[in-house]
Amino acid sequence: MLGNAPPRWHNGSKNGSKNGSKNGSTMTGPGPGLLQEPSRQKAGWVGRSPVHTGLVVHPTYRLRNRRPVIQLYGRLEDGSAFLVEDDRFRPYFFVPSTHAEPVARRLHGKPGFALDACELKDLAGRPLHRVAGPNPGELRRLRDALRELGVPTLEADLRFPYRYLIDRGLRVNVHILGESHATPEDLHCFHNPTLEPAIQRGPAAQLHPLSIDLETTPDAGEILSVALVGPGVDEVHLRSPDPVIGAQCHRDESWMLYAVTARLREIDPDVILGWNVVDFDLEVLARRCAALGVPCHIGRDEELPRFQRDRGYTRQRRAEIAGRMVIDGIALVRDALRLEDYRLETVARAVLGRGKLIDEEVPDKAAEILRQFREEPEALVAYNREDARLVLDILEHEGLLDLAIERSLLTGMQLDRVSASIASFDLVVLPELRRSGRVAPDVEPDRESEALTGGAVLDSVPGLAEHVALFDFKSLYPSLIRTFNLDPLAHACAAGETDAIEAPNGARFSRRHALLPEILERFAKRRDEAKRRGEGHADQAIKIMMNSMYGVLGSTACRFFDPGVANAITRFGQQTLAWTADAFEEEGVEVLYGDTDSVFVKLRREDGGANGKIAAQAEGLRSSVDARIRERVRREYGVEPQLELELERVYARFFLPRVRGGGQGSKKRYAGWSQERGLEIVGLESVRRDWPAIARRLQEGLFDRLFHDQELLPFVEEVVERLRSGELDPELVYVKRLRKGSLDRYTKSNPPHIQAARKAAELTGGRVSPVIRYVVTNTGPEPVLPGRPLPPGIDHRHYLERVLRPVADAILGELGRSF
């Protein structure tokens, strides 16, 4: 969890002047880019041009008379909304100069297109020509036609607004130099201003969020009520001819939708939040407005909302609303928290300790909502308002919107796409690549995945041990990239260099040409500064970006994908882990286990195992081994190592299990107890979400007693007796997800959770949750449904043999006992 930091949201309504004050809290963080701070005042006058500082929320474009106009919507420091429009920029891409002649023939007689030689080169240093077009659509059609002719294109797949931002070195915070005029939408509109990156620690403005929630009929054919909740806003609009306490009532659905859309424009949020807000709330709102003839003007212009699906593997749907970002709370929570499922009720209970106002035990919530609308409208109003409020409270409690803002500041990616690591990587790397005089290739959409080497995993020494130190490398893969120039540009430039660095997989890298090492060095410095200032969200945003770089380079969806580069990173990682194990053994201590960037070492038992002496021994080992590895890197590669070995913690007691049914040690599974963290369990049954809760009860109880020298068997006997008596039946529920999405897709297998799901469908008229809860009974798997008691006839012997026995024997076996 990221903690309950003050939200970086504006505490008021439109322009910071209505329904609230201007004293909202602000968390500051790292600036948005890698450039140097321009010599500008924060706001005011430079010469005769006024300078405004703002935060870009929504980069997009419009066509006017077939001419593209870049539009940057955002929020200024003074709280007012702004729109930058620039009609001077034209889309372009590159082709190899060797293909210039067929491209020129293709463009002959086409007005608005141009082909010119340029000084830029591709990654390998080959010359290029620049192809410009009148607008993105026509240029895209030309690109497709050229590809059919066998002409390769470069940077032809960049989104037009991002091309504009990349070319200007802009992220999210910007200085705007020029005069503005007011628009009918109450925007400060700047026409063709000068833009410069505003490099500062925090955002240039506070954002206005708004949570929206709709209650509808069971088929979503009619909207019953709409809740709007945000800083300074707390209201529910209800279809009702009569007054209802807590609601703004409207005589019919059309009047309600006119009021809601008008209110959205008046509140003027930068960010619209919700739970499944794109696929349900906004989709239904737009559909019902269209059906009733109500203009769904909820953006900062007269355009209607547009819904589109990402072309990437996630296929995530997004809502395009002019000037606003739409963020689904589910996506933010799924990125940050591991939970049983991601229903609003589940997340709210886990994070806030409270849930929705219609009890989970109600078997048909849709019918209950309809009943409340007809018979108890005050209850529906409270239920609707609380659903909208829960979303805001969850995101504030976990700091997730603040984290999204930090990630946007860091990369320049718009708020609803900050988790798109490949696109974020482009926004960070492409401006640096351009400054080096190089151009990136297009993504190869049909490129097949290739086998990539994984991280090293050392054999483990199973059993119980005392005084075990965990050492790991700080950001291992980013540190290896910095140390050995593991970079697409360095790989492309190494061909003509005799002194290139050769990786363990044979890939070669230039010592003089690289981009990622310098970028990562800047990130590392900024992360250290964020830690020093206590800015947790900035620290986390930079960590996420740095750690994503190996994954990005190893993905075929990345324009820089090269198995030679990706495998060089992991092979250097394997080598580093092996060298680390060698260095510890040379120091006279035993290595119990190692995985990717971590090593577990059994310390020498000196001075009776006093805590202070043990800790000093561990730190001394860290220093010695770190120095050995650094010297070996210098000696064998002639580079200055950027690796940093850290002492993570010392476990007073530590346990490595065996492979079930075998004698060798298991991998990626262990348990330990330390004074700083107490009991920690990794990879074992008690932390797996698909095992019944009784497994956690038994395993955690056994480890707690094992690590504190208490008897184990009485506890095991107690759990067994309580199981047999039925007392622990609520802890016997299995939880599994429908991975294939639909029961119809399970044709070749019929595992227990699918059997239970099919029975659930029969009991609920075909409605099946994507998360299946079931117990094993004497007649097979039976579903556990909300509002219904546990099925009878639970097979306690199944749980004794299939759940408790393997969990207990893994620990008892090391003591010469058995379940």
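Calculation criteria
In this convention, every chain numbers its residues from 1, walking through the sequence in written order. Confidence filtering applies because this is a predicted model: local features only for residues at pLDDT of at least 70, side-chain atom pairs given and counted only at 80 or more, and all residues used for totals across whole chains, interfaces and linings. Working from all heavy atoms in the structure, the side-chain values ignore hydrogens and water. To qualify as a helix, a DSSP run of H or I must reach at least 4 residues; to qualify as a strand, a run of E must reach at least 2; elements of each kind are numbered from the N terminus. Here the radius of gyration uses the C-alpha set of atoms, whereas the globule reference equals 2.2 Å times the residue count to the power 0.38. Burial classes: relative accessible area under 20% of the type maximum marks a residue as buried, over 50% as exposed, and values in between as partly exposed (1.4 Å probe, protein chains only). In what follows, a contact means two residues having at least one pair of non-hydrogen atoms within 4.5 Å. Every accessible area reported is derived by Shrake-Rupley at a probe size of 1.4 Å, with residue values counting cover from the shown protein chains alone. When charges are tallied, Lys and Arg are placed among the positive residues and Asp and Glu among the negative ones, while His and the ends of the chain are skipped. For the purpose of locating charges, the reference atoms are NZ of Lys, CZ of Arg, CG of Asp and CD of Glu. Nonpolar core, defined: a set of buried Ala, Val, Leu, Ile, Met, Phe, Trp, Tyr and Cys residues in which side-chain atoms within 4.5 Å join the residues together. Strands pair, by our definition, only if DSSP identifies at least two bridges between them. Fitting a line to C-alpha atoms yields each axis, with helices limited to the stretch in contact; the angle taken between N-to-C directions then spans 0 to 180 degrees. Put simply, angles under 35 degrees are roughly parallel, angles over 145 are roughly antiparallel, angles from 65 to 115 are roughly perpendicular, and the rest are oblique. Each crossing gets its hand from how the near helix is turned against the far one by less than a right angle, where anticlockwise is left-handed and clockwise is right-handed. In this description, the arc belongs to the directions extending from the helix axis to the C-beta atoms. For salt bridges, the criterion is a side-chain nitrogen of Lys or Arg within 4 Å of an Asp or Glu carboxyl oxygen. Geometry of aromatic contacts follows a simple scheme: Phe, Tyr and Trp rings, the Trp one being its six-membered ring, pair when their centres are within 6.5 Å, and the pair is stacked under 30 degrees between planes, edge-to-face over 60, tilted otherwise. Throughout this description, the term charge over a ring refers to an Arg CZ or Lys NZ atom that lies within 6 Å of the ring centre and within 35 degrees of the ring normal. Pairs of N or O atoms within 3.5 Å make up the polar contacts considered here, provided that, within protein, one atom can donate a hydrogen while the other can accept it, and that residues adjacent in sequence are counted only when both atoms are side-chain atoms.

(A) Quick look at the overall build of the protein chain. When helices and strands are tallied, the protein chain shows 21 helices and 32 strands. Since a compact globule built from 819 residues should have a radius of gyration of about 28 Å, the 30 Å found for the protein chain is in line with a globular shape. With respect to the principal axes defined by its C-alpha atoms, the protein chain has extents near 85 × 85 × 55 Å. Relative to its 819 residues, the protein chain shows a buried fraction of 55%. A separation threshold of at least 6 residues defines the contact pool for the protein chain, and within that pool the share at least 24 residues apart is 67%. Put simply, the protein chain shows about 35,400 Å² of open surface, and 47% of that area lies on carbon and sulfur atoms. Each charge sign in the protein chain was given a centre, from 115 positive and 120 negative side chains, and these centres are 3 Å apart.

(B) Molecular detail of the nonpolar core. Core analysis: the largest hydrophobic core is formed by 93 residues, its most contacted members being Phe-425, Phe-484, Leu-486, Phe-523, Phe-560 and Phe-584. At ten residues, the largest contribution of residues to this core is made by helix H16 (residues 563-586). In this view, Phe-484 contacts Ile-501, Phe-509, Phe-572, Val-633, Tyr-637 and Val-639; residues no more than four positions away in its chain are not counted. Listed in part, the 47 residues of the second largest apolar core include Val-244, Ala-348, Ile-358 and Ala-388.

(C) Just the sheet that holds strand E14 (residues 233-239), in detail. Strand order in this open sheet of six strands is E15-E14-E13-E12-E16-E19, and the pairing throughout is mixed. Each end of this open sheet is capped by a strand with a single partner; those strands are strand E15 (248-250) and strand E19 (325-328). Averaged over all neighbouring strand pairs, the angle between strand axes comes to 20°, with direction disregarded. Pairing of strand E16 (residues 271-274) with E19, which is carried by four bridges, proceeds in the parallel orientation. Each residue of the ladder has a partner; that of Leu-273, found in E19, is Ile-327. Packing against the sheet, helix H4 (residues 253-267) makes contact with strand E12 (209-216), strand E13 (223-230), E14 and E15, and its axis sits at approximately 165° to E14. The sheet contacts of helix H5 (residues 277-292) involve E12, E13, E16 and E19, and relative to E12 the element is tilted by about 70°.

(D) Main features of the packing of helix H18 (residues 693-706) against helix H21 (residues 796-812). The interhelical angle for the contact between H18 and H21, taken along N-to-C directions, is 15°, at an axis separation of 9 Å. It follows that H18 is roughly parallel to H21 by the angle criterion. Relative to H21, H18 is oriented so that their crossing is right-handed. Side by side, H18 and H21 meet where Ile-694, Ala-695, Leu-698, Gln-699, Leu-702, Phe-703 and Leu-706 of the first sit next to Val-803, Leu-804, Val-807, Ala-808 and Ile-811 of the second.

(E) Looking closely at helix H1 (residues 100-107). Looking at H1, one finds that the buried residues are Ala-100, Val-103 and Leu-107. Along the long axis of H1, the arc covered by the buried residues comes to 65°, so they all point the same way. Looking at H1, the residues exposed on the side facing more than 90 degrees away from the buried face are Glu-101 and Arg-105. Downstream of H1 by one or two residues, Gly-109 has phi in the positive range, about 80°.

(F) Examining the pattern of salt bridges more closely. Counted by the stated rule, this structure contains 70 salt bridges. Between Arg-354 and Asp-393 there is a salt bridge, with its nearest N and O atoms 2.6 Å apart. In this pair, Arg-354 sits in the loop between helix H7 (344-352) and helix H8 (365-375) while Asp-393 sits in helix H9 (residues 377-398), placing the two residues 39 residues apart along the sequence. Salt bridges linked by common partners bring Asp-234, Arg-354, Arg-385, Glu-386, Arg-389 and Asp-393 together as one network.

(G) Region of interest: helix H12 (residues 476-484). Burial within H12 is extensive, with nine of its nine residues counted as buried. Taken together, the buried positions of H12 are occupied by Leu-476, Tyr-477, Pro-478, Ser-479, Leu-480, Ile-481, Arg-482, Thr-483 and Phe-484. In the segment just after H12, Asn-485 is the residue with positive phi, at about 55°.

(H) Layout of unusual backbone geometry. A positive phi angle is found at Ser-475, which is not glycine, with a value near 50°. Looking at the element boundaries, Ser-475 is found in the loop between strand E22 (463-473) and H12. Classification of Ser-475 by relative accessible area gives buried; the value is 18%. For Asn-485, which is not a glycine, the phi torsion comes out positive at approximately 55°.

(I) Molecular detail of the packing of H7 against H9. One can describe the packing of H7 onto H9 by two numbers: an axis separation of 10 Å at closest approach and a directional angle of 45°. Considering their axes alone, H7 and H9 lie oblique with respect to each other. For the pair H7 and H9, the sense of crossing is left-handed. For the pair formed by H7 and H9, the contact residues are Leu-344, Val-347, Ala-348, Val-351 and Leu-352 on the first element and Asp-387, Leu-390, Val-391, Asp-393, Ile-394, His-397 and Glu-398 on the second.

(J) Examining the environment of Gly-133 more closely. In this structure, Gly-133 sits in the loop between strand E7 (127-132) and helix H2 (136-148). Sequence separation between Gly-133 and Asp-279 is 146 residues, and the spatial gap between their C-alpha atoms is 35 Å. The contact partners of Gly-133, leaving out residues within four places of it in the chain, are Arg-90, Pro-91, Gly-112, Phe-113 and Leu-139.

(K) A look at the sheet that holds E7. Overall, mixed pairing links the four strands, which are arranged E5-E7-E6-E20 in an open sheet. The sheet is open, and its two edges are formed by strand E5 (92-96) and strand E20 (438-439), each paired on a single side. Relative to E7, E5 is paired through five bridges, and the arrangement is antiparallel. Each bridged residue has a counterpart across the sheet, and for Phe-94 the counterpart in E7 is Arg-130.

(L) Quick peek at the side chain of Asp-387. Position of Asp-387 relative to the elements: it lies in helix H9. In contact with Asp-387, not counting residues within four places along its chain, are Asp-213, Glu-215, Leu-344 and Lys-356.

(M) Looking closely at the packing of aromatic side chains. Counting across every chain of the model gives 20 aromatic pairs. Both rings, one in Phe-654 and one in Tyr-670, keep their centres 5.4 Å apart while their planes meet at 35°; by these two values the pair is tilted. Separated by 16 residues along the polypeptide, Phe-654 in strand E27 (residues 645-656) and Tyr-670 in strand E28 (residues 670-674) bring together distant segments of the chain. According to the relative accessible area criterion, Phe-654 is buried, its value standing at 0%. Grouping aromatic residues by their ring pairs yields a cluster made of Tyr-61, Phe-89, Tyr-92, Phe-94, Phe-160 and Tyr-164. Of note, Arg-168 hangs over the ring of Tyr-164, and the distance from its end group to the ring centre comes to 4.0 Å. Its guanidinium or amino end placed over the ring of Phe-715, Arg-705 lies 4.0 Å from that ring's centre, counting from NZ or CZ.

(N) Representation of the side chain of His-175. Among the secondary structure elements, His-175 is positioned in strand E8 (residues 173-177). In this structure the side chain of His-175 is engaged in a polar contact, spanning 3.0 Å, whose partner is the side chain of Thr-53.

(O) Local environment of the pairing of strand E32 (residues 780-783). Note: strand E31 (residues 771-777) against E32, four bridges, orientation antiparallel. Within E32, the residue paired with Val-776 across the bridge is Pro-781. Taking the residues that link successive antiparallel strands as the turn, the E31-E32 hairpin has two residues.

Fair warning: the whole summary comes from geometry, so function is off the table for now.
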